[in-house]
Amino acid sequence: MGDPTLKAQVREQMTAALRVGDKVRLGALRMLAASITNREKEVLHELSDEEVREVAGKEVKRRNESIEAFESAGRTELAEKERAEREVLEPFAPEQLADAEVDALIDGAISATGATSMRDMGKVMGAVMASAKGTVDGSAVQRKVRERLAG
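Keep in mind it's a predicted model, so treat the numbers as computed, not measured. (Residues numbered from 1 in each chain as written. Predicted model: local features only at pLDDT ≥ 70, side-chain atom pairs only at ≥ 80, totals over all residues. Heavy atoms only, no water.)

Q: Got a minute to help me understand the environment of Arg 39 in this structure?
A: Note on placement: Arg 39 falls in helix α2 (residues 23-43). Residues Arg 39 and Arg 143, spaced 104 residues apart in sequence, show a C-alpha to C-alpha distance of 30 Å. Discounting chain neighbours no more than four positions away, the residues touching Arg 39 are Leu 47 and Val 55. (Helix = DSSP H or I, 4+ residues; strand = E, 2+ residues; numbered from the N terminus. Contact = heavy atoms within 4.5 Å.)

Q: Would you mind going over the pattern of salt bridges with me for this structure?
A: Between side chains of opposite charge, a pair can form when the charged atoms approach closely. For the coordinates displayed, the defined rule picks out 16 salt bridges. Here Glu 80 and Arg 83 are joined by a salt bridge, their closest N and O atoms 2.8 Å apart. Here the residue Glu 80 and the residue Arg 83 both occupy positions in helix α4 (residues 76-89), the gap between them amounting to 3 residues, near one helical turn. Looking at Glu 80, the relative accessible area reads 47%, which means it is partly exposed. In this structure, Arg 86 and Glu 90 form a salt bridge, with 3.8 Å as the shortest nitrogen-oxygen distance. Judged by its relative accessible area of 39%, Glu 90 is partly exposed. The network of salt bridges with common partners includes Glu 59, Arg 62, Arg 63, Lys 81, Glu 82 and Glu 85. (Salt bridge = Lys/Arg side-chain N within 4 Å of Asp/Glu carboxyl O. Buried < 20%, exposed > 50% of the residue type's maximum accessible area, 1.4 Å probe, protein only.)

Q: Hey, could you run me through helix α7 (residues 138-150) in this one?
A: Think of an α-helix as 3.6 residues a turn; residues three or four steps apart then line up on the same face. With 13 residues, α7 extends 18 Å between its outermost C-alpha atoms, agreeing within 8% with the 18 Å of an ideal straight helix rising 1.5 Å per residue. Of the residues making up α7, those classed as buried are Val 141, Lys 144, Val 145 and Leu 149. End-on, the buried residues of α7 take up no more than an arc of 125°, which puts them together on one face. Turned more than 90 degrees away from the buried face of α7, the exposed residues are Glu 147 and Ala 150. Buried-residue contacts for α7 involve α5 (99-113) and α6 (121-132). (Expected span 1.5 Å × (residues − 1). Arc of directions from axis to C-beta.)

Q: Quick question: what am I supposed to make of the nonpolar core here?
A: Soluble, globular proteins show a tendency: their nonpolar side chains are buried together. In terms of nonpolar packing, the biggest core is built from 19 residues, with Val 10, Met 14, Leu 29, Leu 32, Ile 36 and Phe 92 touching the most fellow members. For this core, the secondary-structure elements that each account for two or more residues are α1 (6-20), α2, α3 (49-72) and α4. At 6 residues, α2 tops the list of elements feeding residues into this core. Beyond its immediate chain neighbours, meaning those up to four positions away, Met 14 contacts Leu 26, Leu 29, Arg 30 and Ala 33. In terms of nonpolar packing, the next biggest core, distinct from the first, is built from 14 residues, Val 102, Met 121, Val 136 and Leu 149 among them. (Core = buried A, V, L, I, M, F, W, Y, C linked by side-chain atoms within 4.5 Å.)

Q: What exactly am I supposed to notice about the packing of α5 against α6 here?
A: For any two helices packed against each other, one specifies the crossing angle of their axes together with the interaxial distance. Where α5 contacts α6, the axes come no closer than 9 Å and their chain directions differ by 130°. As far as their axial angle goes, α6 and α5 are oblique. Crossing angle aside, the handedness with which α5 passes α6 is right-handed. Side by side, α5 and α6 meet where Leu 105, Ile 106, Ala 109, Ile 110 and Thr 113 of the first sit next to Lys 123, Val 124, Ala 127, Val 128, Ser 131 and Ala 132 of the second. Taken together, the residues of the contact of α5 with α6 break down into 8 nonpolar, 2 polar and 1 charged. (Axes fitted to C-alpha atoms, helices over the stretch in contact; angles between N-to-C directions. Parallel < 35°, antiparallel > 145°, perpendicular 65-115°, else oblique. Left-handed = near helix turned anticlockwise from the far one by under 90°. Nonpolar A, V, L, I, M, F, W, Y, C, P; charged D, E, K, R; others polar.)

Q: Is there a simple way to explain the side chain of Asp 120 in this structure?
A: With respect to the helices and strands, Asp 120 occurs in the loop between α5 and α6. The exposure class of Asp 120 is buried, given its relative accessible area of 14%.

Given below as structure tokens:
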């Protein structure tokens, strides 16, 4: 039959984590499984591996935002828990593009849209995010586009 789907891999890893008593791993995988199920109910079909990666990417992003919030509030123990969960979820998320690849996408989008000022930022962001499809962090792209168009 070939490799199991990502959704099946999540279930298998949940079972393994339950057997060894790894609570952090089990909790993170259960949240991912719940997010996958919720997304399936929204779109009314079983998710493909690509769509599961998208859901996992959103969960990883959520963990990153939580880490920032906890660190700024001085709650390092909660930030550590979120980091551990993020490490469990990252293998299921889409591979992130390297900085050089992101820069190349931005340069291509700027030349394709003919952007010259900050007013064109929306066009550039739309083009970059459409071509990257979840493989880049939107805030990092926004910062780089802003630097290019302002400078």
